[in-house]
Every structure is written in C-alpha cells, then in structure tokens.
Amino acid sequence: MAKKMHKVNVVTVGVGWTGGIVAAELTKAGFTVVGLERGPEKTRKDYMHTHDEIKYDLRGEIEHNLTKDTFTVRNTLKEDAVPIRDKSNSRIGTGNGGGGSHWGAQTHRYYPYDFEIKTKTIEKYGKNKIPKNMTIQDWGITYDELEPYYDKFEKMAGISGEPDPNYPDRSNPYPNPPLKKAEGMRMFHEVTKKLGYKPFTIPAGTVSQKYTNPDGETLNACQYCAFCGYNACEYGAKADPVVTVIPTAQKTGKFEIRNHAEVRRVLYKGKKATGVIYKDTRTGEEFEQPADLVVLTSYVFSNVRLLLLSEIGKVYDPVSGKGVIGKNFTDHHLVSGVRGYFKNKKFNNYAATGAFGEAITDFTGDLFDHTDLDFIHGGQIELRITGDTPISSNFVPSGTPSWGKEFKKQSLYYFNRNLMLFSQKAVMPFKEHYLDLDPTYKDDWGDPLLRITWDYSDNDKRIHEFINGKCKEIMTEMGADIVDENPMPGHYTGYLAFQHNGGGAIMGANPEISAVNNYLQMWEMDNLFVCGASAFPHFGVTNPTTTVGALTYRATEGMIKYLKDGGGQLVQVEKEAQLI
Amino acid sequence: MSDEEKKESDKVDQSRRNFIKNSGLTIGGLVLGGVAGGLIGSNSATTKSQTTTKPVKSHETKEFTEAMQFFSRKEDFDTLAAATECIFPEDENGPGAIALRAPYYIDKQLASPWGRNVNDYRKRPFKDGQTPLNRGEIFLQGIRKLDEEGEKKFQKSFRELEEAEQIEILQDFESGKVKLEYVTSAEFFAMLRQSTLEGVYCDPLYGGNKNMDGWKMKEYPGAQMSYANVIESKEFVKIEPMSLSDHF
Ligand SMILES: Cc1cc2nc3c(=O)[nH]c(=O)nc-3n(C[C@H](O)[C@H](O)[C@H](O)COP(=O)(O)OP(=O)(O)OC[C@H]3O[C@@H](n4cnc5c(N)ncnc54)[C@H](O)[C@@H]3O)c2cc1C
Ligand code: SF4
C-alpha cells in the first residue's frame, strides 16, 4: 500500500521550467504546492567547474540517465521499435531545473501564423495546399491573446534582444539589450541586409547585463564563456528555473520539492483527479500525494506517457486518425544549413553564449509566397556561433579523410577558420506520426516505455533543400572559400539532442481534436493541467521554451481561477468546431 | 530564496568574481589584464613528442597515473596505442595521440562507468543489430581483432606493422569489412576514432591532452572563465590555454 501524504492544493510532476513557473505563480497566489522531481536537488553550488567538454557536453552529466527507462523508436507503423540505448543520444533534463539548467536559452516567439496555421493556409492557398495526411490544426488561441504572457516570460527570464522586424509590434521592449556582436555576426548582418533581408541579434536568456526580474531574482551579466548549451551557468547569468522561478516559489514558504520522486500514475475518481502515485527511486517505496489540482510539468514524453499509463483521455489511433493522446508528435532536432571555410580569415570561435548569433526570419511561416513552393511554413537562418569545443569540432571541407595525417592537418587549420549557418525549420504533424506505449520494452518498475513513431516528411525535405539554397547564397556572399551543406538524413534515428519535441497532448478549440484547452486544462478532467510542448499541434521554426513558458503562465491564471471559483471548465467548446 | 540561500548564492558569485579578477578579466567586460599570456596557470612549455608506439614518460616528473586501470594485457594497450597514433599522428603541427597520452585516457575511460555502459538502457532483447556488448568488451574484441588481421595479412601483430599496413587494416575496419561478434567493425572503429580525439583534446584532468598540447596546436584556449573582452574583436585573439586544475 502506498503511504499517503498530506493533501496540498497543487502537485506538479517535475520541477523544470514549467513546474517552476507553476510553483512560483500558484504559491504567490497563496496556494500550497508540492513539486515531485525524479532527479536530484541542484543549486548553484553544483554549477561550478562546468567548463568540461567530456563531463557535460559528451557524457551529459546533469541529464537523465537511461538506466531505468528510455524511449523506443521506429519510422513506420509496420516496424518494431528499438530502444534508444546510448545516453548520449537522449539529452533530457532531470533534477531541479530540468532541461532549463542546461538549455541554450534561445528565446524567439512563434508567429501569428503558427497559431492559426490551418485557417491562414487555406485562406491564402486553398484546401489543396495541405497534403492529405498532414494534420495541422489551429491552436485554439491567437498570437494577440498570448502576447502578454510572452512578455511575462521574457521579463521573468531577462531576455536580451532586439525586435525581429518581421514580428508584429511588441507590447513592451525586451527587458535587456541584445548581446554583443562577434565578427561573424557583423559579416552576416551586412550581407543579409544587402540581399534585402532583415537581420537581428538572436534573443537569449543569457543576459547581457545584470538584471533583477519582477520577482526580485537577480541574474548576472553573461561572460560569453561558451560552456553554456549543455552546461549550467557558473555565473548565474543564464535564466534557469534554479535561479529564477524555483527560488521565487521557495521564498513564499509554500513550496516543497521532493527529489528522487518519480511519478507513475495520476489517480482519479470519475472525472476528477485526486492526486498522484510516486516512488522513491532509491528505495522503490510508493507514496500517494493527494491534491486539489494535478499539473503535469514533466516534459513532452513523461506528460504523454503518464496520461497513457493512467488511462486518461482517448488514445490516438494512427489508422483512423481518431483519439487525441499521442497525436501530432513532432521532432525538431534536424538542423539544416551550411558550413563555410575561410582560407585566410580567423574567428574567435571559442567564445560564445548558448544561443549566440544573428538571424533572419524572412523564410518562415507565411512571410514569403508559397504559391509555387511544394511545402508549407519554412525555416529561420542564423549565423550561429556555438563556442566550438575541440573534441566535437573537427570540421573539414568535404572530401577530406576523417582521420589520419590529412585530417589532422585540415582540422587544425580550419578550427578557427570556419563559420556556420544554421537553420531550424518548422515541423508539420502527420497522421501516422504519434506516441504510444511500447509492447515489448519496460522500465525498472515493469511499466511499458513510450514508443515514438516518426520519420522525416516530404515537407521537411523540401524546406531543407530550399533553406540550404538560401544559406549557400549567403555564405558565399560572406566570402567563404568552400561552402559545404548539411546533408538531409534518410531516416529519423531517434537522436534527441536538445528537448525539441512537441505534441502528444495537444491544445485546440474542442475535445474532438485536442487533449487540452487553451489553458492547458484537460477537456476530460477539469482539475488536470498538462503543461509543456506536448500542447504544440505543430512545431514552429524556432526553439520551444518561450512559447511553452507563455502558455504555462497563461495556464497558471486558469489554475488560480479554477481554485478560487470552485472548479469547472475554463473554456467553452467552440460550436463551429474545426473538425479534420 | 531564503536569506540563507541568498547569502550562499552571493558567496558563489563572489568567488566567481574573484576568479575572473585573478584571471585578469572583469565581469563587466572591461579589460584589466592582458588577454594573451599572463593568465594564471598558463604553461608555455611544450613536451617533445615521440614517435615510438610506447608512450614515453616525461623526464621531469614521474607520472604515477600512467598505468593500466582497464586493460590487463600490455599487448592490448600497445596495439590500441598504435591504432590511436594512425588516427591522430605526430606531424609538423605537433604531437600525436601517443605523446598526448590518448591511450591512457582511453584506458581510464574504459574503466569508468562509461566503459561499462552504466548510464545506458541495457534491457533485452537486443534486436536489429543493437549490440549487447559494453564498450570495454567492444574495445577488447576490436583490438585483438586488429592483431589477428595483422597476422593474417602481414604475419605480424598490428602494433609491429609499418604505418601504411596499419592504415590499410584500419580502413578495412572503418568500412565494416572485418567480422566481429555482436558488433560491426565500423562501429568499433567509430568508437576508436572518437575516443582518440577525446584523448587528444580532453581537459588534462582526464589523463590525455598532455600539457594541453592538443589545445595549443588547435589554438583553443581551454577552460577560460570569461571572453567578455574578446567577444567583439575583429581579429583573432590567441589566448594561452587554461585547464580545470586552474579553477580548483
Ligand atoms: C541541451 C539543450 C539545449 C536547449 N536549448 C534550448 C534553447 O536554446 N531554447 C529553448 O527554447 N529551449 C531549449 N531547450 C529546451 C528546454 O530545455 C525545454 O523546452 C524546457 O526545459 C522544457 O520545460 P519542461 O518543464 O517541459 O521540461 P523540463 O524543464 O525538462 O522539466 C521536466 C522535469 O520533469 C521531471 N520529470 C520527468 N518525468 C518525471 C516523473 N515521471 N516524475 C517526476 N519528475 C519527472 C524531469 O526530471 C525534469 O526535471 C534545450 C534543451 C537542452 C537539453
Ligand atoms: S555563456 Fe554566459 S550564460 Fe552561458 S554559461 Fe557562460 S556566462 Fe553563463
């Protein structure tokens, strides 16, 4: 029998970005919150000595071990899935802060087009523009409705940036000025401007100056130390739940984090969640945590797996397209772009921040005409300086051997003589791309693992080709002597590089086609909220967390209203349902 | 944050600030000290690199950490060393894998949790070519196969062959031509190549990248605390490398 704990107002599953935001907002509003976190405690004291490529970049020291569980992957419905076994292929957060302790902190917003993608695409190009199996749908919210919450996330995280000229007007400027520009960024800026595009410095949560956020948490100025993306920041200069929302929640005295607490089931009676069951990962002892409100904040995979294991919501069927849990899964890890080699110019490639660069968004969304193009949406192009580390950065012009004398010579020569154009692209959902439970592989407790069925689509391949063409043009114009393209891989192999997955418990305007409403509240269970990119009906061009954060801030308003008003659905189902 | 935690975090910030000051840099990005040279712990002495397949001990100090943790047969270690040197040979740019102590690095890593796949998912069944072997087992099998192939093709163990012959055998492994049990030779080769580069360029704390010579060849500054003062520079700024032992 599980040991029963004292009832609280809110229990969150996981204490990363979304869990931290929920804890901060709900405790500030006077409610008690318990955060159950499968991983260890983390504080800034654990962040010293992180300038270590082996320990952090390659071995993923502060990331989730696959010892107890993992994911299985297949490309099509007909195949058996196999597990991702090697930890280095699954870079997913654990412990206080979750992925937010070792993120790159690139923080764009999504576009108005993203939230109304189906309506706007049909409006402009007609129904036939959308391929038969592409399951895009509107998000049940507009950009304008979400804008104040983007602003709130950006202020909490001290985002440093300048407006993207292609975005609608902002209600407020970024809270901090943009990061400094390195030589490569200046070159990109000049060339793209000349080509008629609209360059701007990438907005980032690695803050450009000392900053105190509205909750009173202080971030220090970024040192451009480059051990950023897979590393926690030694200086307290990167927005991270551990230095922002978690201390905000803790200082209310109403927030308790329980570490080594892995949630296995959401408990419910009829249509009401009553709490969760979790295990102490060290002893296997089982506990029940009762709560008025259960909030899943455990990242896409755990969010969806917990719904499936708890048998909440209609399971998605990839053959009929009916059901919602598991639907519209997307993977956003494929990076297009080019690398340019400069015979006679050296760059300080060792210096950077997690998301250091200059970008253009002229080929994203519907900002360019798709009439004669056989894909929808697009990609962002950025000159990105990642802070090249010596083991992972051995770039050589194509045709060079990958080891031996010539390799050594060229890899040494070009280490500081190359620049990269990097493109993240929007990923559209398809009927047969989804998440469910694996029939074979289990975790340490005997529960089935989550199974990913996904592959690259023609839409992905066509954006890749289109964007690489633009990248080549820009890099050549920047003066590179040799320009090599990132190849398009044949199939998806299940490399989860930086927590860029979406879908599985998507939001929308009605329960036929979505799992949660625009407050991330389950249609089927009023006191269960599911926060994270699991709510994304498709993946926009850029990184997810700004949009995840904005949606979660908005969801907390819904949670507070729910607790104060004594329950109920926060959103009325749209009568004119947009059915697929 | 409680007052207690606030104090703690201020202490942490203070210690980082002192560090940056000691390194000749400040938090605000103002340059206090010189960028090139002058940083604490920088070490401009280079070791004379060696071409033999046997790692040579430095003259000045005895390296007590240079012995075998993982391997039990010295011949396996020597064959590994010869293979790493083919992948990253000594040349006019500087030392190769052996002089940089990549074989010792690999030995230590194979003895670590990584070598036993402790953090990986290891539950059966292993299907579709997924290997049930751990990294240590793959290395041992691959290395002994290198010797076997040497005997078969050139009647000598791999470590005794001429460089051109060694390269020929490694190419066979790389292209997956050689048959191994429960793993492909291409997979073994990819691990060997990656581990060699790790041993050449890791922080010296791991037993490779001797004297930070790998970093020096690459003009990589290592574990610096701040680049706030070089980030906007139009020109390349060469900085003497610093290792994690300087952060201690
Ligand atoms: C290397 C890297 C780079 C990234 N760079 C960027 C970037 O530049 N820009 C950007 O927007 N995003 C980036 N991301 C993604 C970003 O980290 C995530 O979008 C963000 O952390 C998601 O917030 P979350 O709350 O959904 O998940 P997380 O922050 O990961 O938190 C989830 C928490 O839940 C816990 N948990 C999971 N399952 C259970 C369970 N069953 N029981 C108890 N606890 C559980 C986990 O341990 C974890 O702590 C990056 C991620 C990585 C790994
Ligand atoms: S680059 Fe800036 S934010 Fe990132 S770890 Fe270094 S100092 Fe921190």
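Procedures and definitions
Residues numbered from 1 in each chain as written. Chains lettered and ligands numbered in written order. Predicted model: local features only at pLDDT ≥ 70, side-chain atom pairs only at ≥ 80, totals over all residues. Heavy atoms only, no water. Helix = DSSP H or I, 4+ residues; strand = E, 2+ residues; numbered from the N terminus. Rg over C-alpha atoms; globule rule 2.2 N^0.38 Å. Contact = heavy atoms within 4.5 Å. Areas by Shrake-Rupley, 256 points an atom, 1.4 Å probe, with all protein chains shown as cover. Buried < 20%, exposed > 50% of the residue type's maximum accessible area, 1.4 Å probe, protein only. Pairing = 2+ DSSP bridges. Buried area = accessible area lost by both parts, 1.4 Å probe. Salt bridge = Lys/Arg side-chain N within 4 Å of Asp/Glu carboxyl O. Polar contact = N/O pair within 3.5 Å; in protein donor to acceptor, adjacent residues only side chain to side chain. Nonpolar A, V, L, I, M, F, W, Y, C, P; charged D, E, K, R; others polar. Expected span 1.5 Å × (residues − 1). Axes fitted to C-alpha atoms, helices over the stretch in contact; angles between N-to-C directions. Parallel < 35°, antiparallel > 145°, perpendicular 65-115°, else oblique. Near = heavy atom within 4 Å. Phe/Tyr/Trp six-rings, centres within 6.5 Å; stacked < 30°, edge-to-face > 60°.

As annotated in an unreviewed UniProt entry, chain B is Gluconate 2-dehydrogenase subunit 3 family protein from Tigheibacillus jepli.

Moving on, we get to the overall build of chain A. Helix and strand counts for chain A come out as 11 helices and 22 strands. Against the compact-globule benchmark of 25 Å for 580 residues, chain A has a radius of gyration of 23 Å, which places it among compact chains. Each of the three principal axes of chain A carries a C-alpha extent, and together these read 70 × 55 × 50 Å. Once local pairs closer than 6 in sequence are excluded, the contacts in chain A between residues at least 24 apart make up 76%. Carbon and sulfur atoms provide 49% of the accessible area of chain A, an area that totals close to 19100 Å².

A tally of helices and strands in chain B yields 7 helices and 0 strands. Each helix and strand of chain B, placed in order from N terminus to C terminus, yields the pattern α-α-α-α-α-α-α. The 248 residues of chain B split such that 51% are buried. Residue pairs in contact within chain B that sit at least 24 positions apart in sequence constitute 61% of those at least 6 positions apart. As displayed, chain B has an accessible area near 11600 Å², and 51% of this comes from carbon and sulfur atoms.

Residue and element names in this part refer to chain A. The sheet built from 4 strands is open, its strands ordered S5-S4-S19-S18 with mixed pairing. On the outer flanks of this sheet lie strand S5 (82-83) and strand S18 (434-442), each paired with one strand and no other. Strand direction decides the pairing type here: strand S4 (residues 71-74) and strand S19 (residues 448-453), joined by 4 bridges, are parallel. What sits directly across from Val 73, in S19, is Ile 452.

The subject of this paragraph is the interface of chain A and chain B. Counting residues at the interface gives 72 residues for chain A, matched by 78 residues for chain B. Both faces combined, the contact of chain A with chain B buries some 6300 Å², and carbon together with sulfur accounts for 53% of it. Across the chain A-chain B interface, the total number found is 8 salt bridges. Run the count over chain A and chain B and you get 42 residue pairs in polar contact (both at pLDDT 80 or more). If you list the elements that add at least two residues to the side of chain A that touches chain B, you get helix H2 (53-58), S5, helix H6 (183-194), helix H7 (245-250), helix H9 (405-414) and S18 of chain A. Tallying contributions element by element places H9 of chain A first for the side of chain A that touches chain B, with 6 residues. Residues belonging to the side of chain A that touches chain B are distributed by class as follows: 27 nonpolar, 18 polar and 27 charged.

This next bit is on helix H11 (residues 545-565) of chain A. In a regular helix each residue adds 1.5 Å, so 21 residues correspond to 30 Å; H11 of chain A covers 30 Å between its end C-alpha atoms and thus fits that length. Of all 21 residues in H11 of chain A, 17 are buried; the element is thus mostly enclosed.

Residue and element names in this part refer to chain A. One pass over the structure, following the stated rule, counts 51 salt bridges over all chains. For the salt bridge of Glu 154 with Arg 109, the shortest nitrogen-to-oxygen distance reads 2.8 Å. With Glu 154 in helix H5 (residues 143-157) and Arg 109 in the loop between S5 and helix H3 (112-115), this residue pair connects regions lying 45 residues apart in the sequence. In the salt-bridge network here, residues are joined through shared partners; they are Arg 264, Arg 265, Lys 279, Glu 286 and Asp 447.

A separate point is the packing of helix H2 (residues 74-87) of chain B against helix H5 (residues 163-174) of chain B. Residue and element names in this part refer to chain B. Put simply, H2 and H5 touch, their axes get as near as 10 Å, and they point 90° apart. Relative to H5, the element H2 lies roughly perpendicular. For the pair H2 and H5, the contacting residues are Ala 82, Ala 83 and Cys 86 in the first and Gln 166, Ile 167 and Leu 170 in the second. Taken together, the residues of the contact of H2 with H5 break down into 5 nonpolar, 1 polar and no charged.

Residue and element names in this part refer to chain A. Taking strand neighbours across the sheet as the criterion, the 6 strands line up as S6-S15-S16-S17-S14-S20 in an open arrangement whose pairing is antiparallel. The open sheet has two edge strands with one neighbour each: strand S6 (200-201) and strand S20 (482-485). Two elements, strand S15 (residues 356-360) and strand S16 (residues 379-385), share 5 bridges in a ladder whose sense is antiparallel. The residue of S16 that forms the bridge with Ala 359 is Glu 382. The sheet strands contacting H6 are S6, S15, S16 and strand S17 (418-425), and the helix crosses S15 at an angle near 5°. Its contacts with the sheet place helix H10 (residues 458-477) against strand S14 (336-341), S15, S16, S17 and S20, and it is angled at close to 25° to S14.

Residues and elements named next belong to chain A. Looking at ligand 1, there are 36 residues lining it, with Thr 18, Glu 37, Arg 38, Ser 302 and Thr 545 nearest. In the environment of ligand 1, an oxygen atom lies 3.1 Å from a nitrogen or oxygen atom belonging to the backbone of Trp 17. Backbone polar atom of Gly 95 to an oxygen atom of ligand 1: 3.2 Å apart, as the coordinates give it. Here ligand 1 loses 97% of its free accessible area of 990 Å² to cover by the protein chains. Mapped onto the shell around ligand 1, the elements with two or more residues apiece are helix H1 (17-28), strand S10 (261-269) and helix H8 (299-310). Considering every element that reaches the shell around ligand 1, the biggest residue donor is S10, with 3 residues. Residues belonging to the shell around ligand 1 are distributed by class as follows: 11 nonpolar, 21 polar and 4 charged.

Moving on, we come to the site of ligand 2. Of all residues adjacent to ligand 2, which total 14 residues, the nearest are Cys 222, Cys 225, Cys 228, Cys 233 and Tyr 235 of chain A. For the shell around ligand 2, the class distribution of residues is 10 nonpolar, 3 polar and 1 charged.

All names here are of chain A. Applying the stated criterion across every chain, the model contains 40 aromatic pairs over all chains. Relative to Tyr 143, the ring of Phe 115 has its centre 6.5 Å away and its plane inclined at 50°; by these criteria the two rings are tilted. Of this pair, Phe 115 sits in helix H3 while Tyr 143 sits in helix H5; the two residues are 28 residues apart in sequence, bridging distant segments of the chain. By relative accessible area, Tyr 143 is classed as buried at 3%. The interplanar angle of 40° and the centroid separation of 5.9 Å between the aromatic rings of Tyr 143 and Tyr 150 together place this pair among those described as tilted.

A separate point is the environment of Pro 429 of chain A. All names here are of chain A. On the secondary structure map, Pro 429 appears in the loop between S17 and S18. On the basis of relative accessibility, which here comes to 0%, the residue Pro 429 falls in the buried class. Once residues lying within four places of it in the same chain are set aside, the contact partners of Pro 429 are Asn 133, Met 134, Thr 135, Ile 136, Asn 328, Thr 330, Pro 537 and His 538.

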